[in-house]
Amino acid sequence: MKPLSRRLVEIGHDESPRAASVEAVAERIDAPPSTASEHLGKAESTTMTAFMELREVA
């Protein structure tokens, strides 16, 4: 797990409903909310791509 992904899990951003907002993530990674949002989108895309690839193998 990449460091950013680990931090997101630690602060609860992956929970439903989310336990952490984009602003909380931004504060945690010391970045502006727009940058945090971009990182979150990339992390979600990477996770979903990996999940779909695993489903194709099974």
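Conventions used here
Residues numbered from 1 in each chain as written. Predicted model: local features only at pLDDT ≥ 70, side-chain atom pairs only at ≥ 80, totals over all residues. Heavy atoms only, no water. Salt bridge = Lys/Arg side-chain N within 4 Å of Asp/Glu carboxyl O. Helix = DSSP H or I, 4+ residues; strand = E, 2+ residues; numbered from the N terminus. Patch = residues over 30% accessible without salt bridge, like charges linked within 9 Å, V, L, I, M, F, W, Y side chains within 5 Å. Areas by Shrake-Rupley, 256 points an atom, 1.4 Å probe, with all protein chains shown as cover. Buried < 20%, exposed > 50% of the residue type's maximum accessible area, 1.4 Å probe, protein only. Expected span 1.5 Å × (residues − 1). Contact = heavy atoms within 4.5 Å. Axes fitted to C-alpha atoms, helices over the stretch in contact; angles between N-to-C directions. Parallel < 35°, antiparallel > 145°, perpendicular 65-115°, else oblique. Nonpolar A, V, L, I, M, F, W, Y, C, P; charged D, E, K, R; others polar.

A. Structural view of the pattern of salt bridges. The full count for this structure, using the stated rule, is one salt bridge. Lys42 is the salt-bridge partner of Glu38, the closest N and O atoms lying 3.3 Å from each other. In this pair, Glu38 and Lys42 are both assigned in helix α3 (residues 33-57), four residues apart and thus about one turn of the helix distant.

B. Focus on a nonpolar patch on the surface. A cluster of nonpolar side chains, Met48, Phe51 and Met52, forms an exposed patch at the surface whose accessible area comes to about 290 Å². Within the element layout of this structure, Phe51 appears in helix α3.

C. Focus on unusual backbone geometry. The phi dihedral of Asp30 is positive, around 55°, even though this residue is not glycine. Take Asp30: it is sitting in the loop between α2 (22-29) and α3. Overall, the relative accessible area of 73% leaves Asp30 in the exposed class.

D. Geometry of α3. Its 25 residues place the ends of α3 36 Å apart at the C-alpha level, agreeing with the 36 Å of an ideal helix rising 1.5 Å per residue. The secondary structure elements touched by the buried residues of α3 are α1 (3-11) and α2.

E. Structural view of the packing of α2 against α3. Put simply, α2 and α3 touch, their axes get as near as 8 Å, and they point 100° apart. One finds that α2 runs roughly perpendicular with respect to α3. Between α2, through Val22, Val25, Ala26 and Ile29, and α3, the contact on the second element is made entirely by Pro33, Ala36, Ser37, His39 and Leu40. Grouping the constituent residues of the contact of α2 with α3 by class yields seven nonpolar, two polar and no charged.

Geometric descriptors of this kind do not, in isolation, establish any biological role.
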